[in-house]
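Fold and contact review
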Amino acid sequence: MKKRTILIFLLILLAVVSAAAQGLEISGKVLEAGTDLPVPGAIVRLDNNYLWAVTDEDGKFSLDGAQKGTYILEASCLGYVTYSREIKVKGDLTGLVIRIAENTLALKEVVVTAETSKDNLNTTQKIGRTALDHLQMSGMDGIAALLPGGKTINPDLTQNNALSLRAAGSDAGNAAFSTAVEVNGVRMGDNANFAGMAGIGTRSISVENIESVEVITGVPSAEYGDLGSGMVRVTTKKGRTPWNIVFAVNPRTYEVSASKGFEIGKGVMNVGLEWANATSKLTSPYTSYTRRGFTLDYTRTFAKVLRLEAGLNGNIGGMNSKSDPDAFSEAYSKVNDNLLTPHFKLTWLLNKSWVTNLTLEGSVYFHDTRSLDHAYNSHAAVLPAVHATQIGYWMADALPTTYYSDQVVDSKELDYSASLKYHWLHHWGAVKNVLKAGVQWKADGNVGRGEWYENPALAANGYRSRPYSDYPYMHTVSGFLEDNVTIPIGPTKLNLMAGLRYENVFVAGSMYNGLNILSPRFNAKWELSKSVSLRGGWGVAGKLPSFYILYPKPEYRDIRTIDYSHGTSASYIYYTQPYRMEYNPELRWQRNQNAEIGLDVDWKGFKIGLVGFSNITKAPYEMGTVYTPFSYNIYQVPAGYAMPDNPQVQVDHQTGMVYFMDPEGYYVPSELKLTDRSFAASRRQENGADIHRYGMELTVDFPEIRPIKTTFRLDAAWNHTQYTSDVSSNLYRDGWSHSTLPGRSYEYAAVYRGGTNVYNGRITDNVDANLTAITHIPRARMVITIRLEAALLRNSRYTSDKAFTVDDKGNRTGGNIYDGNSYTAIYPDAYMDLDGVVHPWTAESAQDPALQRLIIRSGNIYTFAQDGYSPYMCANLSVTKEIGSHVSLSFFANNFTNARPMVTSRATGVSAIFTPNFYYGLRCRIKF
Amino acid sequence: MQNKILGLFAALVLVAGCMDNGEPYALGSLNILTVKAVYPDGITAKGGATVSVVEVSGITSYTVSTGADGSVVTEVPNGIYRITVRDRNEDFVFNATKDKLLISNENVSLDMELKASKAGAIVVKEIYCGGCSKAPKEGTYQSDKYVILHNNSIDTEYLDGLCMGTLSPYNSNAANPWVVDGNLPDFLPVIQAVLAIPGKGTDFPLEPGEDAVIALNGAIDHTAEYPLSVNLNRPDVFALYDSVLFPNATFHPAPGPLVQAARYLDIIIKTGQANAYTLSVNSPTFVLFRAPSGVNIRDYVQLSEHQPQVPGSNEKVVAIPQDWVVDGVEVFNGGSSGNQKRLPATIDAGAVSLSETYKGRTLMRKADESLSTEQGFEVLQDTNNSTEDFYERETQSLHQ
């Protein structure tokens, strides 16, 4: 039904298409600078995606139907430096000659840092191939170092780091989880992850196949949804290229890659293959991560107006600890990291009076993270393994004494996405208007077999299998509308963008079906002159829940009620209190409210970008716990019963009574030892406290100091993070003994507003600054960068609006918690008894010895003291040298002075080292 | 020129190589250490008290005796020392300990205040906490921990209600959070749980020279799978078995068929949240204690003033007065030079070191041969100083 609707819609669109709009012609050819050879396959664009054309074999292009106006004309081709200039179109422009230069270090200008994008109204950093080569990243997580104030981390593919933007190293508010990563328009999916919300790891992306990376930290376009604090967009190489062979090595990693852009018929096929192997410890090379990345991208333009980009990116690899002689023999673990992302994009240049381009996109994202743990187990006796899923008393399975078990977590995220986007550019006199609209459907799900043991009889005690494919897909249907208008005001230019996005989630059979969010987004930029512009934005972005939130892990409470040895074996009976799926009718979408204001100056060789931002994460997802009281019976073997080697027993599943057959064939009941009452925990989806982040980012590129061919770049960031939680947390101390009755469980569960720590808030301030000296000698085809990375300020403090000071004995003293010289404590706000009745905490409660155990006291006197570290810094060196036009060598040395200063925590007095280890690596690229 | 640069570089490397923090103290001339034994009021020094001076890394140790005035003068090189003084008369044993005494290029004069304590009736005879190998299978094993108690007196003693526990911090080489200005607190921080022998008062007599085995984890025949372990499936064993409070079946499996339900230990209180009882594998402190008559131990432990919180942690312990202690043994980690005392000198002035874990090694109290011959049953040495009283044995005494 849906398909037919889309088809009819397309047919109507086609029918409405009238004769080509009358307009002006812009034509010419693209030549290689220096040789003046034609460059075929180059894309010439007006205003990003307005009118576009691909050059033919002779480098010729023609853009037909242009309206009068001012445009940015751009010509780009893989391996060449993108040409860009503003043109004024008053009449036909023919015979244009655009010369684009091959991207080598022999050029006058080379960019090895992140560049603030001029096209965008929001803060967007662009990182090109030259920078990626020069800094020799083996994983995407390295790009964080290129953002203002970012810090270098040593490459280590055995860590699957997720990116989080403007988060200042804190994951509060699920910062990494709400950072979207797209490769060629395919969203790296993490929504169907059952394990947690740590964010999508990026190590499966082959950096060698990347052409450019765009990092959006400002208010994103309404085109993008399901995100929070920002977005990273990766584009792989597309276009004709010579062979590129790369060898890279650093103490932990080896990498080999090959790529080429072939011409196939009238299209171009880009093929990239990469093999990387990384170990975490030099002393133990047995635990390693292998990446076999591949990209296959096909681009072709049909009839000059229909451009197809289709591709298949992926990876086959994972972690493997096989055959480590330090581990138990035969024991190993293996984690897949297999990725496959087929995708296509069809852009149809209609250029009518009511439409410019239509884009149809579709993609599939498949991520196999199946893990297998082949573990050695050996016990002195037969041990129980309870796997019951029904309430009641059950005889546990018996585990053998020595065995190997194979625990599998088979997670296979399989997402689908399709979208249709409409794009219309129109000039009304000097006013230019771009209208974008689109609809998108996305389905996130997991087709993995889930959690299980290959031999269910060997599953650990308390283990329950969990088939992931039983959980229904999460479908999202979204639509957006965004208008971007540019109005010249005297000599200045005002650019306004307003967008609205609507997303609705459908989850069959879930109580959370129909959650929706409306996200308005605004951006504005005022170009006061050619060299100064002001910009600002405000917007809301919603983050979809993940399966970790939608489908909490079933947790069972299993209690040993009676067990007995017989012969050389033993039997165990357990009471199982099953998991109860909780529903929180008040669950809301986690959303980010972003705002920023910026100033860009480009004056006399200085390029300055200053932006202030505020980023509020509202109602971040988190898992809470609710407790339900229950009771169970503990039995013992009847006195005087002579246990045979193989006793015949019957278990009453309701009462737990066990009947033992005596030699005469009669059943003797077990003796009730006691009836205990306790609390069973169930996980519940909740929204946490709002996280407030604000700060400033500064980048300054200084003009070149000619005699030493060196430019300096300063980038700095101040990040402030703050939250105060009012969200109530429940806590029951499993394992405490009853305050009066021997052998029984503790009798109260407590409710604490703001969490179960003495603090319920935190304030952190970080200031980071980096100074990079870039020496570029075109004649020597060499770039040397030395980057000084400094952490200038590290301040943090826990806060509380309910904690009070206490003495050693726990008596309230009335001091100031922030003096940091006494222990602190909090009272519960309420407590639940074993009948499920919730009582408010009163002054009398604090005097009751049984309840006093619920008072939470800080472990240290410095909990609320001002914490922080003194500044520390280190320096990195990167060198790239091209030898002729075929060979390029790069070398890096992180923290090459081995500056490892110990800095001391102001609150705890404990010292630590934060600068990275001295680390180095070499990369050789051969082009032919 | 190149040579000069190389030379300069080499010089820099050399300088960097020498820029070490150096030793915390340099070996120099000997220092004069004067130790004076100060006896409790009413007791006069008679000389002959044993003074042991042990450098903590174990490189040097001296044993000297005090003169008639109660003091002794000796010469020691720079170092960090543990000094213990012990003496005994007919009624009491006297002990004093000074831990982590730094002597560095100065003469030191110490007054050691001796504390009088009585030799106990029930003493700890053996602590087996170090585990053993799973050979011929792979791996190591530690669910077979046990303690043996011994009646060292000439009277029948009743174990009923005898409490036991291990102290915070669990390991001797951990920083001791209870030490303030070098002093231990005036109570014993019993961590995790207070255990007790069951019985109504006279259910579990222990005759002079008799032993009682306490299985702190599994009361099963561990040798069925692991021949280097011990058989704790025996009718006389007291077993820690409580499926509500310690439900972890790996550490607390169903007791063997010979174990009697009447001999399961009582849990007076559990303040820890672990599902298995933890006794340090390399350096526990084990104490036996009894509440004085008139004090109900169950009521005592519930009061929050008797439940101090471990400094630097959220865990609570039970504060047991020192004079409740029947016997206590301090075990040091033989592989560490950072051991710190947890028991005061009145309970255990020294410590016994466990040199290796998972080798079946055990810590045994020495027999007093002359007294044993005299009394006609096995009498163990009890000077409240485990350095003297204990030795490390290659295999568990229960190993067969």
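1. What about the overall build of chain A?
A tally of helices and strands in chain A yields four helices and 59 strands. For a compact globule of 928 residues, the expected C-alpha radius of gyration is about 30 Å, and chain A comes in at 32 Å, within 12% of that figure. Considering only C-alpha atoms, chain A reaches an extent of 110 × 60 × 55 Å along its principal axes. Burial statistics for chain A: of 928 residues in total, 55% are counted as buried. Counting only contacts in chain A whose residues sit at least 6 apart along the sequence, the fraction spanning at least 24 positions is 68%. For chain A, the distance from the average site of its 89 positive side-chain charges to the average site of its 89 negative ones is 8 Å.

2. Topic: the overall build of chain B
Looking only at helices and strands, one finds four helices and 25 strands in chain B. Compactness check: chain B gives a C-alpha radius of gyration of 24 Å against a globular reference of 21 Å for 400 residues, within 12% of the reference. Projected onto its principal axes, the C-alpha coordinates of chain B cover approximately 85 × 65 × 45 Å. Residue burial in chain B is summarised as follows: out of 400 residues, 51% are buried. In chain B, of all internal contacts separated by at least 6 residues, the share reaching a separation of at least 24 is 73%. Both charge centroids of chain B, one from 28 positive and one from 47 negative side chains, sit 5 Å from each other.

3. What to know about the packing of aromatic side chains
Residues and elements named next belong to chain A. What the rule picks out here adds up to 43 aromatic pairs over all chains. By the ring-pair criterion, three or more aromatic residues cluster together here, those being Trp736, Tyr746, Tyr748, Phe804, Tyr827, Tyr831 and Trp841. Looking at Lys260, its charged tip hangs above the ring of Phe262, at a distance of 5.4 Å from the centre. The positively charged end of Arg449 is found above the aromatic ring belonging to Trp452, 3.7 Å away from the centroid.

4. Brief notes about the sheet that holds strand E2 (residues 50-55) of chain B
All names here are of chain B. What the five strands build is an open sheet, ordered E3-E2-E5-E6-E8; its pairing is antiparallel. Among the strands making up the open sheet, the edge pair consists of strand E3 (61-65) and strand E8 (115-117). Taken pair by pair, the neighbouring strands of this sheet meet at an average axis angle of 20°, ignoring direction. Bridge count between E2 and E3: five bridges; the pairing is antiparallel. Residue pairing across strands places Val54 opposite Ser61, the latter belonging to E3.

5. Some remarks on the environment of Thr628 of chain A
All names here are of chain A. Note that Thr628 resides in strand E38 (residues 621-636). Sequence separation between Thr628 and His367 is 261 residues; the distance between their C-alpha atoms is 37 Å. Aside from chain neighbours lying at most four places away, what touches Thr628 is Arg580, Ser678, Phe679 and Ala680.

6. Structural notes on the interface of chain B and chain A
Counting from both sides, the interface comprises 42 residues of chain B and, opposite them, 43 residues of chain A. Both faces combined, the contact of chain B with chain A buries some 3300 Å², and carbon together with sulfur accounts for 45% of it. For the chain B face of the interface with chain A, the top three residues by lost area are Glu138, Val244 and Gln273 of chain B, together amounting to 18%. On inspection of chain B and its partner chain A, the count reaches zero salt bridges. Listed by contribution, the elements that provide at least two residues to the side of chain B that touches chain A are strand E19 (266-270) and helix H2 (297-302) of chain B. Looking at the side of chain B that touches chain A, its residues break down into 17 nonpolar, 17 polar and eight charged.

7. Comments concerning a nonpolar patch on the surface
All names here are of chain A. There is a patch of nonpolar side chains on the surface, built from Phe247, Val249, Tyr254, Val256, Trp275, Ile786, Phe891, Phe896, Phe918, Tyr920 and Leu922 and spanning about 970 Å² of accessible area. If you list the elements that add at least two residues to the nonpolar patch, you get strand E14 (241-250), strand E15 (253-264) and strand E59 (919-927). Relative to the helices and strands, Trp275 is located in strand E16 (residues 267-279).

8. With respect to the pattern of salt bridges
Counting across every chain of the model gives 60 salt bridges over all chains. In this structure, Arg787 of chain A and Asp715 of chain A form a salt bridge, with 3.9 Å as the shortest nitrogen-oxygen distance. Residue Arg787 of chain A is located in strand E48 (residues 782-799), and its partner Asp715 of chain A is located in strand E44 (residues 710-724); the two are separated by 72 residues in the primary sequence. Since its relative accessible area comes to 11%, Arg787 of chain A is described here as buried. One salt bridge connects Glu392 of chain B with Arg361 of chain B, and the closest N-O pair in it is separated by 3.4 Å. In this pair, Glu392 of chain B is assigned in strand E25 (residues 390-393) and Arg361 of chain B in the loop between strand E23 (352-354) and strand E24 (362-365), connecting sequence segments 31 residues apart. By sharing partners, the salt bridges in this structure join Arg129, Asp133, Glu208, Glu255, Glu274, Arg291, Arg923 and Arg925 of chain A into a single network.

9. Details of the pairing of E59 of chain A
Residue and element names in this part refer to chain A. In this structure, E14 lies alongside E59, joined through six bridges in antiparallel fashion. Across the sheet, Phe247 pairs through a bridge with Cys924, a residue of E59. Both strand E56 (residues 887-894) and E59 contribute to a ladder of eight bridges, which runs antiparallel. Counted as the bridge partner of Ser888 is Arg925 from E59.

10. Focus on the confidence of the model for chain B
Taken over all residues, the pLDDT of chain B has a mean of 87, while the share at 70 or more is 92%. With pTM at 0.87, the complex prediction returns an ipTM value of 0.84.

11. Topic: the sheet that holds strand E34 (residues 557-566) of chain A
Residues and elements named next belong to chain A. The three strands lie next to each other as E24-E35-E34, forming an open sheet whose pairing is antiparallel. Strand pairing shows two members of the sheet lacking a second neighbour, strand E24 (392-395) and E34, which therefore form its edges. Along the sheet, successive strands turn relative to each other by an average axial angle of 20°, direction set aside. Here E34 pairs with strand E35 (residues 569-577) via nine bridges, running antiparallel. Its bridge partner lying in E35, Arg560 is registered against Tyr574.

Conventions we followed
- Residues numbered from 1 in each chain as written.
- Chains lettered and ligands numbered in written order.
- Predicted model: local features only at pLDDT ≥ 70, side-chain atom pairs only at ≥ 80, totals over all residues.
- Heavy atoms only, no water.
- Helix = DSSP H or I, 4+ residues; strand = E, 2+ residues; numbered from the N terminus.
- Rg over C-alpha atoms; globule rule 2.2 N^0.38 Å.
- Buried < 20%, exposed > 50% of the residue type's maximum accessible area, 1.4 Å probe, protein only.
- Contact = heavy atoms within 4.5 Å.
- Lys, Arg positive; Asp, Glu negative; His and termini not counted.
- Charge placed at Lys NZ, Arg CZ, Asp CG, Glu CD.
- Phe/Tyr/Trp six-rings, centres within 6.5 Å; stacked < 30°, edge-to-face > 60°.
- Lys NZ or Arg CZ within 6 Å of the ring centre and 35° of its normal.
- Pairing = 2+ DSSP bridges.
- Axes fitted to C-alpha atoms, helices over the stretch in contact; angles between N-to-C directions.
- Buried area = accessible area lost by both parts, 1.4 Å probe.
- Salt bridge = Lys/Arg side-chain N within 4 Å of Asp/Glu carboxyl O.
- Nonpolar A, V, L, I, M, F, W, Y, C, P; charged D, E, K, R; others polar.
- Patch = residues over 30% accessible without salt bridge, like charges linked within 9 Å, V, L, I, M, F, W, Y side chains within 5 Å.
- Areas by Shrake-Rupley, 256 points an atom, 1.4 Å probe, with all protein chains shown as cover.
- pLDDT = per-residue confidence, 0-100.

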